[in-house]
Amino acid sequence: MQNKKDIAYTRVQRCRQLCLCILLAATLFTACGGKKSEVRFLRFEQFLFEPEKTAADASQFVSPLINYQPDDPQFMAMVHDFTNDSVVEYIYHTTDSLYHDLGWLETELGKALARAAKICPEIRYDRFYTLVTADFDDYQNRVFCTDHELAVSIDRYAVGDMQQYGSFGIPAYILALSRKEYIAPDCMAAIARAHIELPDGQLSLLDYTIAEGKVQYFLERTIPWADDTLRLRYTGDQMSWMKGHVEQVWAWLIENRMLYNTDYSQLRNFIDDAPKTNAFGEGSAPRTLHYIGWQIVKQYMKKSGRTAEELLGETDSQKILTQSGWRP
């Protein structure tokens, strides 16, 4: 007989088809000009589950990010099944109990976007959404954005409180990153990535390193009140390890000729979320390239005198490394 956790997983899997219809994949676009808008989240999950809690109407969810089709009977039948599934209802109500009021997030993002507008005037966001996808497999895509719209899968920041279903079997290191304090930094990181120009062709480890360094530089400038551990998504111990081992990490990358490696299967453990970096063993920090890239980009910006906007548009990773003169 299936246990409660297995039943929940199976039922949520059946909802994934609808999730994919509702939420489109994150896409990178070129920024467009304009002034920043006041941040107000349109709550798609409240609109679907408890429409009396929101003044929004269906037309507000016509968006590149929200694919709501109220005139399609087949689609609406899927919505009905989704919103009446008991597991999904549990996910929604648990999430809403934590995030019914997002005034604090709107304020924080408003401040961050005001700072972004000063250093990158072409960055403008005027639509903000939250939604519940009930899909915890694709953790990486928890925040989506185009050049002027942003959507947060808000249930992915509540899964740690879903004890009734064992937090859906999410690994502990992911649960640790699925808390309230990470939402604003994650949103600003998604915005940064949407405006970073990448080189053509396959990306090398150096390209990933510089790109993530740009993200961290952008976060440092736009959300400086967030601790370094939140921007890098490290625990205090991981940050201490990284600071104490940065020379060792860099030496290993050079000795193993990794900087220009383009085989993502060999690179991903240095980039993606994980409990550690395998090459450096137990207790090591994950995403070691993010920290190193940040150090390189900071040094480059000090020496080059370039603007943040020019930084995001620069695609020559070797140029940034060379001109930075960075050494651990």
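These figures come from a predicted structure and were not determined experimentally. (Residues numbered from 1 in each chain as written. Predicted model: local features only at pLDDT ≥ 70, side-chain atom pairs only at ≥ 80, totals over all residues. Heavy atoms only, no water.)

I'd like a rundown of the overall build of the protein chain, residues and numbers included.
The helix and strand tally for the protein chain stands at 14 helices and four strands. Out of the 328 residues belonging to the protein chain, those deemed buried represent 52%. Considering only contacts in the protein chain between residues 6 or more positions apart, those separated by 24 or more positions represent 70%. For the protein chain, the exposed area adds up to about 14,800 Å²; of that, 48% sits on carbon and sulfur atoms. (Helix = DSSP H or I, 4+ residues; strand = E, 2+ residues; numbered from the N terminus. Buried < 20%, exposed > 50% of the residue type's maximum accessible area, 1.4 Å probe, protein only. Contact = heavy atoms within 4.5 Å. Areas by Shrake-Rupley, 256 points an atom, 1.4 Å probe, with all protein chains shown as cover.)

Any chance you could break down the sheet that holds strand S3 (residues 143-145) for me, citing the residues and the numbers?
Within the open sheet, the four strands sit side by side as S1-S2-S4-S3. Their pairing is mixed. The open sheet has two edge strands with one neighbour each: strand S1 (41-43) and S3. On average, adjacent strands in this sheet sit at an angle of 20° to one another, irrespective of strand direction. (Pairing = 2+ DSSP bridges. Axes fitted to C-alpha atoms, helices over the stretch in contact; angles between N-to-C directions.)

Give me the packing of helix H10 (residues 236-255) against helix H12 (residues 288-304): which residues, what numbers.
Packing of H10 against H12 brings their axes to within 10 Å, and their N-to-C directions diverge by 85°. One way to sum up the angle between H10 and H12 is to call them roughly perpendicular. Of the residues in H12, those touching H10 at Met239, Trp241, Met242, Lys243, Val246, Val249, Trp250 and Leu253 are Thr288, Leu289, Tyr291, Ile292 and Ile296. (Parallel < 35°, antiparallel > 145°, perpendicular 65-115°, else oblique.)

Explain the pairing of strand S4 (residues 149-153) residue by residue, including any values.
For S4, the buried fraction is high: five of the five residues fall into the buried class. On S4, burial covers both faces: Glu149, Ala151 and Ser153 on one face and Leu150 and Val152 on the other are all buried. Pairing of strand S2 (residues 127-131) with S4 involves five bridges; the strand directions are parallel. Directly across from Thr130, in S4, lies its bridge partner Val152. In this sheet, S4 lies alongside S3 in antiparallel orientation, the contact comprising three bridges. Pairing of Val143 across the sheet is with Val152, part of S4. In this antiparallel pair of consecutive strands, S3 and S4, the connection spans three residues.

Explain the pairing of S2 to me, using residue names and the numbers behind them.
Each regular strand carries side chains that alternate between the two faces of the sheet. The buried count for S2 comes to four of five residues, which makes it a mostly enclosed element. Note: S1 against S2, three bridges, orientation parallel. Within the sheet, the bridge partner assigned to Phe41 lies in S2 and is Phe128.

Which residues make up the nonpolar core, and what are the values?
Leu150 and Met188 are the most contacted members of the largest nonpolar core, which has 105 residues in total. Residue contributions to this core peak at nine residues, all from helix H7 (residues 183-195). The contacts of Met188, once residues within four sequence positions are left out, are Leu109, Ala112, Leu113, Ala116, Phe218, Leu219, Thr222 and Ile223. (Core = buried A, V, L, I, M, F, W, Y, C linked by side-chain atoms within 4.5 Å.)

Describe the pattern of salt bridges, with residues and values.
By the definition in use, this model includes 16 salt bridges. Of the charged contacts in the structure, one is a salt bridge between Arg179 and Glu181, with a shortest N-O distance of 2.8 Å. Note on Arg179: relative accessible area 35%, which makes it partly exposed. (Salt bridge = Lys/Arg side-chain N within 4 Å of Asp/Glu carboxyl O.)

How would you sum up H10? Please name residues and give values.
Over its 20 residues, H10 runs 28 Å from end to end, which matches the ideal 28 Å to within 8%, given 1.5 Å per residue. The largest bend along H10 reaches roughly 65° and is located at His245. For H10, every residue scored as buried is listed here: Gln238, Met239, Trp241, Met242, Val246, Val249, Trp250 and Leu253. Tucked inside the fold, the buried residues of H10 contact helix H8 (205-222), helix H9 (228-232), H12 and helix H14 (317-324). Backbone geometry just after H10 places Arg257 at a positive phi near 50°. (Expected span 1.5 Å × (residues − 1). Bend = angle between axes of the 7 residues up to and from the residue.)

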